Amino acid sequence: MSLLNVNICGVDFKNPVIAASGTYGFGKDYTDFFPLERLGGISCKGTTLLPRLGNPPPRVAETASGILNSVGLQNPGVRHFISEDLPWLLEQNTVVIANAAGSTVEDYSENVALLAQSGVHMIELNISCPNVKEGGVAFGTSCASVEKIVGAAKKVSGNKPLIVKLSPNVTSIAEIARAAESAGADALSLINTITGMKIDVDTRRPILRNNTGGLSGAALLPVAVRMVWEVRRAVALPIIGMGGVTKWQDAAELILAGADAIQIGTACFANPFAPPELIGGLEEWVQREGCANIAELSGRVRPW
Amino acid sequence: MAKQVFARILENRLIAAAAYSMLLECPALAREAQIGQFVHVLCGDKPLRRPISVCRVREAELTLVYAVRGEGTAWLAERTCGETLDILGALGNGFPLLDASARLLVVGGGIGVPPLLDCAIRGGAGHVDAVLGFRAHGQVILEEEFAAACAGVASNAEPAGSVTVCTEDGSYGTGGRVTVPMEELLRKNQYGAVYSCGPLPMLKAVAETAAKYAVPCRVSLEERMGCGVGACLVCSAKIRRNGTEEYLRVCKEGPVFNAEEVCWE
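Being a predicted model, the structure only gives us computed values, none of them experimental.

The rules we used
- Residues numbered from 1 in each chain as written.
- Chains lettered and ligands numbered in written order.
- Predicted model: local features only at pLDDT ≥ 70, side-chain atom pairs only at ≥ 80, totals over all residues.
- Heavy atoms only, no water.
- Helix = DSSP H or I, 4+ residues; strand = E, 2+ residues; numbered from the N terminus.
- Rg over C-alpha atoms; globule rule 2.2 N^0.38 Å.
- Buried < 20%, exposed > 50% of the residue type's maximum accessible area, 1.4 Å probe, protein only.
- Contact = heavy atoms within 4.5 Å.
- Areas by Shrake-Rupley, 256 points an atom, 1.4 Å probe, with all protein chains shown as cover.
- Lys, Arg positive; Asp, Glu negative; His and termini not counted.
- Charge placed at Lys NZ, Arg CZ, Asp CG, Glu CD.
- Pairing = 2+ DSSP bridges.
- Axes fitted to C-alpha atoms, helices over the stretch in contact; angles between N-to-C directions.
- Phe/Tyr/Trp six-rings, centres within 6.5 Å; stacked < 30°, edge-to-face > 60°.
- Lys NZ or Arg CZ within 6 Å of the ring centre and 35° of its normal.
- Core = buried A, V, L, I, M, F, W, Y, C linked by side-chain atoms within 4.5 Å.

> If you had to explain the overall build of chain B to someone new, which residues and values would you point to?
When its secondary structure is counted, chain B shows six helices and 15 strands. What you see for chain B is a C-alpha radius of gyration of 18 Å, in line with the 18 Å of a compact globule of 265 residues. Here chain B, with 265 residues, has 58% of them falling under the buried criterion. Of the contacts made within chain B by residues no fewer than 6 positions apart, 66% connect residues no fewer than 24 positions apart. Total accessible area on chain B is roughly 11100 Å²; 48% of this is exposed by carbon and sulfur atoms. Taking the average location of the 26 positive side-chain charges in chain B and that of its 30 negative ones, the two points are 3 Å from each other.

What follows is the structure in structure tokens.
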């Protein structure tokens with residue numbers, strides 16, 4: 001066992017650094033910079049049962065220490081993902097997490113059922129996308145609908161661990177986490193983007209054609225750390241923390257707050273080498289702390 | 001292949017109202033950059049890089065010409081000689097190379113003019129004419145460079161290529177839109193291609209004008225961009241291919257598209 005090796009729901013990750021869904025495509029786009037196998041895993045772009053065109057541009061706006069996006073789940077459909085993208089991904093010696101989205105309970109179920117029969121290692125249920133008119137975050141913001149969608153997905157997810165990706169756009173993320181746990185979630189990932197808006201004061205138009213979008217980037221980190229901390233105290237499930245990670249110290253905060261692994265996304269846009277830099281920093285941190293493995297530091301914040 | 005390069009700034013000077021020309025030493029990219037490709041420039045601590053088309057490649061040096069539009073490009077304008085710039089490149093699909101028998105018409109608007117300079121110089125065409133549009137005299141850039149480029153590529157048998165500068169307010173050159181002199185040239189000469197870059201309404205008009213004369217037209221599109229390497233899907237352009245409309249990535253399938261495939265909205 002190495003310093004950074006972690007195990008989540010029986011799946012071995014060589015390190016706890018995972019590319020976040022929606023920021024890393026299906027893994028090929030960053031391979032000019034370094035091979036995908038450096039990463040602990042990749043959470044693929046969210047796929048839906050049928051292909052989706054996505055929202056009209058502009059789809060991105062820069063904000064203070066963050067960005068807003070409104071891609072709207074543009075994807076080629078889960079069948080295309082399984083036949084065209086997955087075979088290559090499975091040869092890359094990294095954990096492959098499929099991200100499943102949808103608009104109705106039925107198409108979530110059918111999507112997850114197809115993924116359950118594929119070679120993916122884990123399934124991340126996306127009930128927190130803020131950029132689609134139906135489904136997405138609508139399923140993730142009440143305990144009743146979380147239980148319904150997670151229960152339905154769990155019925156068809158077979159032997160694939162089911163990670164439920166939580167939205168921060170809720171009153172109590174701990175309650176949502178408990179609902180996901182009681183409905184059978186195997187792990188949780190959090191947080192997705194916070195819904196935001198940016199207006200051009202000259203034209204009085206929102207920058208995003210969708211008017212609103214999801215905020216990601218460094219600005220999110222303290223919210224993510226707080227929410228991971230709250231969820232850690234609410235449930236016993238493994239937690240994959242994300243939101244605003246740009247350097248190893250940010251990842252360390254999420255781990256101390258209770259995460260078992262972390263995802264990194266927006267930071268790669270400015271620094272494509274952020275993931276390997278993070279891995280190096282975490283390794284030195286674990287050594288400095290005198291631990292045999294990073295798991296010993298998970299949840300070890302010393303709150304006042 | 002995309003790479004990260006720390007390029008030394010050799011020059012960064014104001015060349016027109018809010019437009020700067022930056023000369024970079026970066027042999028690794030200069031060797032590979034094709035006409036119409038772009039580099040993705042880190043601007044201080046901004047979360048997003050800024051995509052800037054390559055204006056000119058010469059030996060180990062790249063020239064970028066950019067307009068100051070916001071905080072990122074304002075930061076860029078403050079850089080001085082000797083500093084290094086963190087850039088990713090060369091990215092995207094540029095303009096196709098032509099052969100010496102082809103006559104090329106480049107039509108640029110505003111800050112869309114710079115990438116067309118290298119098309120004129122390195123595009124392979126045996127004869128190049130340029131129509132360059134600006135809002136007003138104060139915005140005119142690269143006129144001399146285009147004059148030299150269009151003269152330089154003419155074969156002995158041909159007269160030198162022409163450069164027509166237009167200003168919307170008539171304060172310099174020909175008054176009015178680029179499509180008027182463009183159409184005169186299309187009537188007079190047989191072109192192998194029209195290459196264009198500039199604001200969307202101009203590109204649409206240029207595409208329509210080229211189509212009217214049945215000349216193949218390529219346009220370089222601009223869109224707010226994220227990763228620059230195809231991963232995040234924010235810089236989309238609606239493209240019609242094989243009868244279906246889809247959003248393609250400006251950073252990966254573009255920035256240069258076949259004008260006939262672009263869904264102008």
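> How would you explain the side chain of asparagine 5 of chain A if you had to name every residue and give the values?
Tracing the sequence through the fold places asparagine 5 of chain A in the segment before β1 (6–8). Among the residues examined, asparagine 5 of chain A registers a relative accessible area of 19% and is labelled buried.

> Please provide a residue-by-residue account of the sheet that holds strand β11 (residues 194–197) of chain A, values included.
Residues and elements named next belong to chain A. Pairing is antiparallel in the open sheet, where four strands are placed in the order β5-β6-β14-β11. For this open sheet the edge positions go to β5 (60–63) and β11, each flanked by a neighbour on one side alone. On average, each strand axis in the sheet is inclined to that of its neighbour by 40°, with strand direction left out of account. With three bridges connecting them, strand β6 (residues 66–69) and strand β14 (residues 212–216) associate as antiparallel partners. Bridging across to β14, leucine 68 finds its partner in leucine 215.

> Could you give an account of the packing of aromatic side chains, with specific residues and numbers?
Taken as a whole and judged by the stated rule, the model has nine aromatic pairs over all chains. One aromatic cluster is present, formed by Tyr24, Tyr30, Phe33, Phe34 and Phe273 of chain A through successive ring pairs. Positioned above the aromatic ring of tryptophan 229 of chain A is the side chain of arginine 233 of chain A, whose terminal nitrogen or guanidinium carbon lies 3.7 Å from the ring centre. Lying over the aromatic face of tryptophan 75 of chain B, arginine 79 of chain B brings its terminal NZ or CZ to 4.0 Å of the ring centre.

> Give a detailed account of the sheet that holds strand β4 (residues 41–43) of chain A, specifying residues and quantitative values.
All names here are of chain A. One closed barrel holds the eight strands; their spatial order is β3-β4-β7-β8-β9-β10-β15-β16, and the pairing between them is parallel. Along the sheet, successive strands turn relative to each other by an average axial angle of 25°, direction set aside. In this sheet, strand β16 (residues 261–264) lies alongside strand β3 (residues 17–19) in parallel orientation, the contact comprising three bridges. Pairing of alanine 19 across the sheet is with isoleucine 264, part of β16.

> Can you tell me about the nonpolar core, naming the residues and giving the values?
In terms of nonpolar packing, the biggest core is built from 142 residues, with Val150, Leu188 and Leu190 of chain A together with Val194 of chain B touching the most fellow members. In terms of residues, this core owes the most to one element, helix α6 (residues 221–234) of chain A, which gives seven residues. When residues no more than four places from it in sequence are discounted, the contact partners of leucine 190 of chain A are Leu166, Ile173, Met227, Val228, Val231, Ile239, Ile240, Gly241 and Met242 of chain A. Counting 29 residues, the second largest nonpolar core, distinct from the first, contains Ala19, Leu117, Leu132 and Cys197 of chain B.

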